[in-house]
Number of protein chains: 2
Amino acid sequence: MALRSLFLAAALVGASLSGCSRETADHATSEVDSAAHERAIRSNISDWLEQIRKRDAAVIAGHYTEDGVLMPPGAPASQGRSEIETAWREMMETPGFDLTFEPTAIVVSSAGDMAIDRGTYRFTSTGPDGQITDTGKYLVVWQNVDGTWKAMADMFNSDGQQPAT
Amino acid sequence: MALRSLFLAAALVGASLSGCSRETADHATSEVDSAAHERAIRSNISDWLEQIRKRDAAVIAGHYTEDGVLMPPGAPASQGRSEIETAWREMMETPGFDLTFEPTAIVVSSAGDMAIDRGTYRFTSTGPDGQITDTGKYLVVWQNVDGTWKAMADMFNSDGQQPAT
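Note that the coordinates shown come from a computational prediction; the quantities given were computed from them, not determined experimentally. (Residues numbered from 1 in each chain as written. Chains lettered and ligands numbered in written order. Predicted model: local features only at pLDDT ≥ 70, side-chain atom pairs only at ≥ 80, totals over all residues.)

## Here's the deal with the overall build of chain A
Of regular secondary structure, chain A possesses three helices and six strands. When the elements of chain A are put in sequence order from the N terminus, they spell out α-α-β-β-α-β-β-β-β. Sequence-distant contacts in chain A: of pairs separated by 6 or more residues, those separated by 24 or more amount to 49%. (Helix = DSSP H or I, 4+ residues; strand = E, 2+ residues; numbered from the N terminus. Contact = placed C-beta atoms within 7 Å.)

The following block contains the structure:
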């Protein structure tokens, strides 16, 4: 009986210790993965910039969560991929349109489910007096949706006064 | 020897099981606490609005993390509490200044360390032709700093064209 209890106890120790060490391993992996998450977000941004060059509004809208929100200056927010696709299409139809952006800082939440991404942008268009260049900043909150990072909110504004329209 | 091992094994089971159940309890608490975290953020927002009524730029700057970033339209970002305090002081010195804002959605990360807060604002000032009202939207990313929620990034922009200045 004592031996049987000993085996039982030893088995329980093994089970519960391995449970705990698996937990610890998960935490360690999740911390290491913060860099992997950041790389995945940066890779999304590279794809996004390429899709801007191709004027592919539908694919760009796919970078947002289903109920994601685009919050541009000078217009109310667009919510959902359909509204966001329209907003991107209209923006990319601006005469002389060009847009690039670059992250300044990306911080991933400890569980790897949310991330903040802020950076700068450079927007070019053609006005009545020639080329207009607007530089500004953006703030995107990313959400990890089943292993893929999607933008749940995307906001930007200009560093300078908006050119008169 | 068998008995001593049994006691040792039983002690280990007790220690490791209690360690594991404490872990489980933490997880359960953290999920339940999502609502508590949201309440804490809403309470911060109430305080912040009251401090705006009192024009208390120094206290408002304390709502940001040490290296927090304020990203207003029409100006480059301000980083750190000192720059942010100056930016708020200047904004609140606008003739006829009044500002209110209200969250539309707050989502807390699963580990309770980061949260997205987006909403709307109403900014009033006095121009050469009388009162000017600007309505727009904001996006704040909150970080849980040792149990207190602080804004790590705060951006806003207008829903309409900026009034000419």
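## A few points about helix α3 (residues 81-92) of chain A
All names here are of chain A. Counted at 1.5 Å a residue, the expected span for α3 with its twelve residues is 16 Å, and the 16 Å between its end C-alpha atoms agrees. Three or more residues of α3 are buried, namely R81, I84, E85 and W88. When α3 is viewed along its axis, its buried side chains cluster within an angular range of 105° and face the same direction. Looking at α3, the residues exposed on the side facing more than 90 degrees away from the buried face are S82 and E90. (Expected span 1.5 Å × (residues − 1). Buried ≥ 20, exposed ≤ 12 C-beta atoms within 10 Å, placed from the backbone. Arc of directions from axis to C-beta.)

## Let's talk about the environment of A40(B)
Mapped onto the fold, A40(B) is located in helix α1 (residues 2-53). When the C-alpha positions of A40(B) and G147(B) are compared, they lie 9.8 Å apart, and in sequence the two are 107 residues distant.

## Observations regarding the sheet that holds strand β5 (residues 130-145) of chain A
All names here are of chain A. Across the sheet, which stays open at both edges, the six strands sit in the order β2-β1-β6-β5-β4-β3 with mixed pairing between neighbours. Either end of the sheet is taken by a strand with one partner, and the two such strands are β2 (78-79) and β3 (98-108). As judged from the ten bridges shared by β3 and strand β4 (residues 114-127), these two strands associate in the antiparallel manner. Counterpart to I106 in the pairing with β4 is D117. Along the sheet, α3 makes contact with β1 (64-71) and β2, crossing β1 at roughly 45°. (Pairing = 2+ DSSP bridges. Axes fitted to C-alpha atoms, helices over the stretch in contact; angles between N-to-C directions.)

## Overview of the sheet that holds strand β6 (residues 148-158) of chain B
Residue and element names in this part refer to chain B. Taking strand neighbours across the sheet as the criterion, the six strands line up as β2-β1-β6-β5-β4-β3 in an open arrangement whose pairing is mixed. Single-partner strands in this sheet number two, and they are β2 (78-79) and β3 (98-108). Strand direction decides the pairing type here: strand β1 (residues 64-71) and β6, joined by four bridges, are parallel. Bridge pairing links L70 to D154 in β6. In the packing of helix α3 (residues 81-92) onto the sheet, contacts are made with β1 and β2, and the angle to β1 comes to roughly 45°.

## Describing the environment of M92(A)
All names here are of chain A. Mapped onto the elements of the fold, M92 is located in helix α3. A count of 16 C-beta atoms within 10 Å places M92 in the partly exposed class. Separated by 37 residues in sequence, M92 and R55 place their C-alpha atoms 6.5 Å apart. What M92 contacts, discounting residues up to four positions off in sequence, is R55, A57 and F97.

## Considering the nonpolar core
Ranked by size, the top nonpolar core spans 52 residues in total, and within it V141(A), A153(A), V141(B) and A153(B) carry the most contacts. If sequence neighbours within four positions are ignored, A153(B) has contacts with I116(A), R118(A), L139(A), G68(B), V69(B), M71(B), V140(B) and V141(B). (Core = buried A, V, L, I, M, F, W, Y, C linked by C-beta atoms within 7 Å.)

## Quick word on unusual backbone geometry
Residue and element names in this part refer to chain A. Positive phi, close to 60°, is recorded for R55, a residue that is not glycine. Within the element layout of this structure, R55 appears in the loop between α1 (2-53) and α2 (57-61). Looking at R55, the number of C-beta atoms within 10 Å reads 13, which means it is partly exposed.

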